[in-house]
Amino acid sequence: MSYSPVRVIGGGLAGTEATWQIARAGIPVILSEMRPVQMTPAHHSQELAELVCSNSFGAKQSDRAAGLLHEEMRRLGSIVIGKADEHQVPAGGALAVDRAVFSKELTQTLARHPLIELCREEVPHIPPEGVVVLTTGPLTSDRLAKDLLDFTGMEYMSFFDAASPIVIGDSIDKETAFLASRYDKGEAAYLNCPLNKEEYLHFWQELCNAEQAPVKDFERENAKFFEGCLPIEELGQRGEDTMRYGPLKPVGLFDARHGDFKAPENQSKRPYAVVQLRQEDKEGQLWNMVGFQTNLRWGEQKRVFRLIPGLEKAEFVRMGVMHRNTFINSPELLSPTLQFKKRPTLLAAGQLVGTEGYGAAAAGGWLAGTNAARLVLGLEPIILPKTTMMGALFEFITSASPKHFQPMPPNFGIIPPLEKRIRNKRERYGVYRDRALADIDLAVRCPPLPKGG
Ligand SMILES: Cc1cc2nc3c(=O)[nH]c(=O)nc-3n(C[C@H](O)[C@H](O)[C@H](O)COP(=O)(O)OP(=O)(O)OC[C@H]3O[C@@H](n4cnc5c(N)ncnc54)[C@H](O)[C@@H]3O)c2cc1C
């Protein structure tokens, strides 16, 4: 039986994995990669699956979020993780690879496959017909980005990522942080970390002295996009009180545990400044630090933000960032199968759909590629179990609040909680791991998932 080829656009981590899974299902596939004809501002080579910055995929151990994602992908027959395993270099607990050999081998393996045609071309428009997988990443070419914008609508695409850190709810000290909304309006939707004057001044000084990450040239050119969204450290540098009149303003926020906050005798209990955290997921496991978009180095963010009362032991699932990043509003546009709701034969994966990191991009490629092949074969697209790291990630990006949607890396905060809570974090993550791998194995044993190897 002959099938029309699937088009995959963009040969990064996601596109490489998607292409392999489609070919593996016996379907011809045309992979279009614009390098080296047209380079992005961050890539250096013409190889597929180039690792643009670090050579590390993150933690190796399967009771860590990245490690669990890798193990699930191994069991699902991921070519990206398979090659990463083959070409790993010593890096302590991380899965790091010899980047040149890793990408070269993936390029050669795909180029040699009889069902894969590798075209070195920029695709300026979404192909109007057939099954198509978009995997053009955070630096999607301008022409395709414009076409995608016309397809999705202006409000459903972002070109810059100005994100605040996200903290696991369990790691916030609820003896100090209190639930309330400003002036008690609506339901108490924010966790508030109060600072007295001394705590505020100490935090402000450390923030102003903290080390910033270097900004890339192509990001500096676009700095104007950030004007309405200043980094918290820049607000700090504008003056001692600037943050207290901005995101840290204390007005209308009282700790209900101190009694009726409207009573005159409680007015003196008003905090000097307040850091607010907004709920990020339905279950309340993830909390976003409001107004804390930042360019600080990640280590510095942890050091300085843990000075905030209530966040002393904060566990961050995502650090604050401000950089160029093209991504679509997946909660509005995609199903958890990674199909566009308005055109189910168009799928997308990778950083473009708001997952973050190399492993997560390849994982999206696995699902979009598998589902693209299934569409051609006339089979139902699949959704991965939510108890797995992959399933939880795709569930999150397609069901988060569209209004505040920001990219998300794999993390245990998005996994559905256990029926019986385990207090010890390492033990809890071990149980999450066992449940996820059992569910992946079950899904592989029972069709329709393909077997690993
Ligand atoms: C500067 C920078 C540094 C980063 N550092 C890290 C890091 O250290 N660790 C980490 O985990 N993540 C990092 N990331 C995020 C990283 O981009 C993703 O983790 C991962 O590369 C995303 O994979 P992807 O397949 O979605 O996109 P990519 O790997 O970027 O692949 C997209 C591909 O599409 C091609 N393309 C774009 N437009 C077109 C078009 N119109 N036609 C044809 N081809 C096209 C591009 O040339 C590219 O090869 C970084 C991102 C940037 C921008």
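Some points on the site of the ligand
Logical step 1: The local shell around the ligand holds 33 residues, among which Ala14, Glu33, Arg35, Ser141 and Gln351 are the closest.
Logical step 2: A distance of 3.2 Å is found between a nitrogen atom of the ligand and a backbone nitrogen or oxygen belonging to Met34.
Logical step 3: A distance of 3.0 Å separates a nitrogen atom of the ligand from a polar atom in the backbone of Val123.
Logical step 4: Within the complex, the protein chains bury 90% of what would otherwise be the 970 Å² of accessible surface of the ligand.
Logical step 5: Among the residues making up the shell around the ligand, the classes are represented as 13 nonpolar, 15 polar and five charged.

Observations concerning the nonpolar core
Logical step 1: Formed by 92 residues in total, the largest nonpolar core has its most connected members in Leu13, Phe57, Phe102, Val133, Leu134, Phe340 and Met390.
Logical step 2: If one sorts the elements of this core by residue count, helix 11 (residues 358-376) sits on top with ten residues.
Logical step 3: Taken together, domain 1 (6-163 + 323-445) and domain 2 (166-319) each give at least three residues to this core, which thus spans both.
Logical step 4: If sequence neighbours within four positions are ignored, Val133 has contacts with Val6, Arg7, Val8, Ile9, Ala18, Ile22, Leu347, Ala368 and Ala372.

Some words on the domain arrangement of the protein chain
Logical step 1: In terms of domains, the protein chain is made up of domain 1 (6-163 + 323-445) and domain 2 (166-319).
Logical step 2: The straight-line distance from the C-alpha centre of domain 1 to that of domain 2 is 32 Å.
Logical step 3: In this complex, domain 1 contributes 28 residues to the contact, which on the side of domain 2 involves 22 residues.
Logical step 4: Summed over the shared surface of domain 1 and domain 2, the number is four salt bridges.
Logical step 5: A salt bridge links Arg428 to Asp170; the shortest N-O distance between them is 3.6 Å.
Logical step 6: Counting across the domain 1 and domain 2 interface gives eight residue pairs in polar contact (both at pLDDT 80 or more).
Logical step 7: Counting only elements with at least two residues in the side of domain 1 that touches domain 2, the list comes to strand 8 (157-163), strand 15 (321-328), helix 12 (389-399) and helix 13 (425-445).
Logical step 8: Residues belonging to the side of domain 1 that touches domain 2 are distributed by class as follows: 15 nonpolar, six polar and seven charged.

Overview of helix 12
Logical step 1: With nine of eleven residues buried, helix 12 is to be regarded as a mostly interior element.
Logical step 2: Every buried residue belonging to helix 12 is among Met389, Met390, Gly391, Ala392, Leu393, Phe394, Phe396, Ile397 and Thr398, and all of these are buried.
Logical step 3: Elements in contact with the buried residues of helix 12: helix 2 (65-75), strand 13 (286-289), helix 10 (330-333) and helix 11.

Considering unusual backbone geometry
Logical step 1: Here the amide bond leading from Arg35 into Pro36 is cis, since omega sits at 0 degrees, within 30 degrees of zero.
Logical step 2: With respect to the helices and strands, Pro36 occurs in the loop between strand 2 (29-33) and strand 3 (56-59).

Overview of the sheet that holds strand 1 (residues 6-9)
Logical step 1: The five strands lie next to each other as 6-2-1-7-16, forming an open sheet whose pairing is parallel. Pairing within the sheet leaves two strands with one partner each, and these edge strands are strand 6 (116-120) and strand 16 (346-348). Strand after strand, the sheet turns through a mean of 20 degrees between neighbouring axes, direction not considered.
Logical step 2: Direction of pairing for strand 2 relative to strand 6: parallel, over a ladder of five bridges. Opposite Ser32, over in strand 6, you have Cys119 as the bridge partner.
Logical step 3: Along the sheet, helix 1 (residues 13-24) makes contact with strand 1, strand 2, strand 6 and strand 7 (132-134), crossing strand 2 at roughly 165 degrees.

Here's the deal with the packing of aromatic side chains
Both the distance between ring centres and the angle between the ring planes are used here to describe each pair of aromatic rings.
Logical step 1: Considering all chains together, one arrives at ten aromatic pairs under this definition.
Logical step 2: Taking the centre distance of 5.6 Å and the plane angle of 65 degrees together, the rings of Tyr200 and Tyr272 count as edge-to-face. Taken together, the residues span a long stretch of sequence, with Tyr200 in helix 6 (residues 197-209) and Tyr272 in the loop between helix 8 (232-237) and strand 12 (273-279) at a distance of 72 residues.
Logical step 3: Residue classification places Tyr200 among the buried residues on the basis of a relative accessible area of 0%.
Logical step 4: Note on Phe412 and Tyr429: the rings are 4.1 Å apart at their centroids and 20 degrees apart in plane angle, and the pair reads as stacked. Here Tyr429 lies in helix 13 and Phe412 lies in the loop between helix 12 and helix 13, a separation of 17 residues in the sequence.
Logical step 5: Through successive ring pairs, a cluster of aromatic residues spans Phe57, Phe102 and Tyr358.
Logical step 6: The residue whose ring lies beneath Arg244 is Tyr272, and the NZ or CZ to ring-centre distance is 3.8 Å.

What counts, and where the lines are drawn
- Residues numbered from 1 in each chain as written.
- Predicted model: local features only at pLDDT ≥ 70, side-chain atom pairs only at ≥ 80, totals over all residues.
- Heavy atoms only, no water.
- Near = heavy atom within 4 Å.
- Polar contact = N/O pair within 3.5 Å; in protein donor to acceptor, adjacent residues only side chain to side chain.
- Areas by Shrake-Rupley, 256 points an atom, 1.4 Å probe, with all protein chains shown as cover.
- Nonpolar A, V, L, I, M, F, W, Y, C, P; charged D, E, K, R; others polar.
- Core = buried A, V, L, I, M, F, W, Y, C linked by side-chain atoms within 4.5 Å.
- Buried < 20%, exposed > 50% of the residue type's maximum accessible area, 1.4 Å probe, protein only.
- Helix = DSSP H or I, 4+ residues; strand = E, 2+ residues; numbered from the N terminus.
- Domains from an automatic or database assignment.
- Contact = heavy atoms within 4.5 Å.
- Salt bridge = Lys/Arg side-chain N within 4 Å of Asp/Glu carboxyl O.
- Pairing = 2+ DSSP bridges.
- Axes fitted to C-alpha atoms, helices over the stretch in contact; angles between N-to-C directions.
- Phe/Tyr/Trp six-rings, centres within 6.5 Å; stacked < 30°, edge-to-face > 60°.
- Lys NZ or Arg CZ within 6 Å of the ring centre and 35° of its normal.

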